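# Chains, contacts and geometry: an overview
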Amino acid sequence: MEPTADPTTTEPRWLTPGEKDVWMALAGVVIKLPAALDAQLQRDAGLSHFEYLVLAALSDAPGRLLRMSHLADLVKGSLSRLSHVVKRLEQRGWVRREACPSDGRYTNAILTDDGYAKVVASAPGHVETVRALVFDALGDEQLGQLRSACGGILSRIDAPERRTG
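My aim in this report is to walk through the structure given alongside it, one point at a time. (Residues numbered from 1 in each chain as written. Predicted model: local features only at pLDDT ≥ 70, side-chain atom pairs only at ≥ 80, totals over all residues. Heavy atoms only, no water.)

## Brief notes about the nonpolar core
Formed by 25 residues in total, the largest nonpolar core has its most connected members in V54, L55, L58, L71, L82, L89 and V95. Put simply, the parts of the chain that give this core at least two residues each are α1 (17-45), α2 (49-60), α3 (68-74), α4 (79-91) and β3 (107-111). Broken down by element, this core gets its largest block of residues, seven residues, from α2. When neighbours within four sequence positions are excluded, L89 is seen to be in contact with E51, V54, L55, W94 and V95. (Core = buried A, V, L, I, M, F, W, Y, C linked by side-chain atoms within 4.5 Å. Buried < 20%, exposed > 50% of the residue type's maximum accessible area, 1.4 Å probe, protein only. Helix = DSSP H or I, 4+ residues; strand = E, 2+ residues; numbered from the N terminus. Contact = heavy atoms within 4.5 Å.)

Rendered as structure tokens:
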């Protein structure tokens, strides 16, 4: 079927051959990059990539403390997924949760000293993997283009009309 841009038609807006090539490349990155990052972190640190992102975000926060809702936004995860991960990290002694003292409706996640030590020990191998798989493959201009493209895609994914519940 021929691609169409006519908004009055009921036909899907099929991808052009060039768009299909880009889509398949992006789909490959979306599938393979998280698996590669998870494999490295599991092998070297006993962490999932998402667990590492949570620890790293807390390590960068003032006082190593963030509201759970803000932390979920930073790591691009749902509050439900984050709650499950933080519970596992609490069981390992790397994070603790407390009610927010200024507003008890919120919960803060706090990185413990042991959690900080874990992220510091895990960071060099993770950063080297990210550099080898992503940054070493791109020039400065491509990095700017990638940043812009990812920002545009994320803004569409995060658009209020796309959210449910």
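## Some thoughts on the packing of α2 against α4
Their axes nearest at 10 Å, the elements α2 and α4 cross at an angle of 80°. Between α2 and α4, the interaxial angle falls into the category roughly perpendicular. In this structure, α2 contributes F50, E51, V54 and L55 to the contact, and α4 contributes R81, L82, V85, V86, R88 and L89. The residue inventory of the contact of α2 with α4, partitioned by class, reads seven nonpolar, no polar and three charged. (Axes fitted to C-alpha atoms, helices over the stretch in contact; angles between N-to-C directions. Parallel < 35°, antiparallel > 145°, perpendicular 65-115°, else oblique. Nonpolar A, V, L, I, M, F, W, Y, C, P; charged D, E, K, R; others polar.)

## What to know about the pairing of β3
The buried count for β3 comes to four of five residues, which makes it a mostly enclosed element. For strand β2 (residues 95-99) and β3, the ladder comprises five bridges, and the chain directions are antiparallel. Looking across to β3, one finds that E98 is bridged to N108. (Pairing = 2+ DSSP bridges.)

## Some words on unusual backbone geometry
One non-glycine residue with positive phi stands out, namely R64, at about 55°. When you line up the elements, R64 lands in the loop between α2 and β1 (65-67). The phi torsion at K76 lies on the positive side, around 60°, for a residue other than glycine. Positionally, K76 belongs in the loop between α3 and α4.

## Some remarks on the pattern of salt bridges
Close approach of charged atoms lets side chains of opposite charge pair. Evaluation of the coordinates by the stated rule reveals seven salt bridges. Across the salt bridge formed by R92 and E51, the nearest N and O atoms sit 3.7 Å from each other. Taken together, the residues R92 in the loop between α4 and β2 and E51 in helix α2 connect sequence positions 41 residues apart. The class of R92 is partly exposed, set by a relative accessible area of 37%. Residue E51 is classed as buried on the basis of its relative accessible area of 3%. Note that R64 and D113 form a salt bridge whose closest N and O atoms lie 3.2 Å from each other. One end of the pair, R64, is in the loop between α2 and β1; the other, D113, is in helix α5 (residues 113-133), with 49 residues separating them in the sequence. Sharing partners across several salt bridges, the network here consists of E51, R88 and R92. (Salt bridge = Lys/Arg side-chain N within 4 Å of Asp/Glu carboxyl O.)

## Quick notes on α5
Here α5 contains 21 residues, and its C-alpha end-to-end distance of 30 Å stays within 8% of the 30 Å for a straight helix at 1.5 Å per residue. In α5, a bend of some 40° at A123 exceeds every other bend along the element, and P124, a proline, comes one to four places later. Those residues of α5 that are buried are in contact with α1, α2 and β3. (Expected span 1.5 Å × (residues − 1). Bend = angle between axes of the 7 residues up to and from the residue.)

## Quick notes on a nonpolar patch on the surface
A surface patch of nonpolar side chains, about 950 Å² in accessible area, is lined by L15, W23, M24, L26, V29, V30, I31, I153, L154 and I157. For the nonpolar patch, the secondary-structure elements that each account for two or more residues are α1 and α6 (140-157). The biggest single contributor to the nonpolar patch is α1, with six residues. Relative to the helices and strands, L154 is located in helix α6. (Patch = residues over 30% accessible without salt bridge, like charges linked within 9 Å, V, L, I, M, F, W, Y side chains within 5 Å. Areas by Shrake-Rupley, 256 points an atom, 1.4 Å probe, with all protein chains shown as cover.)

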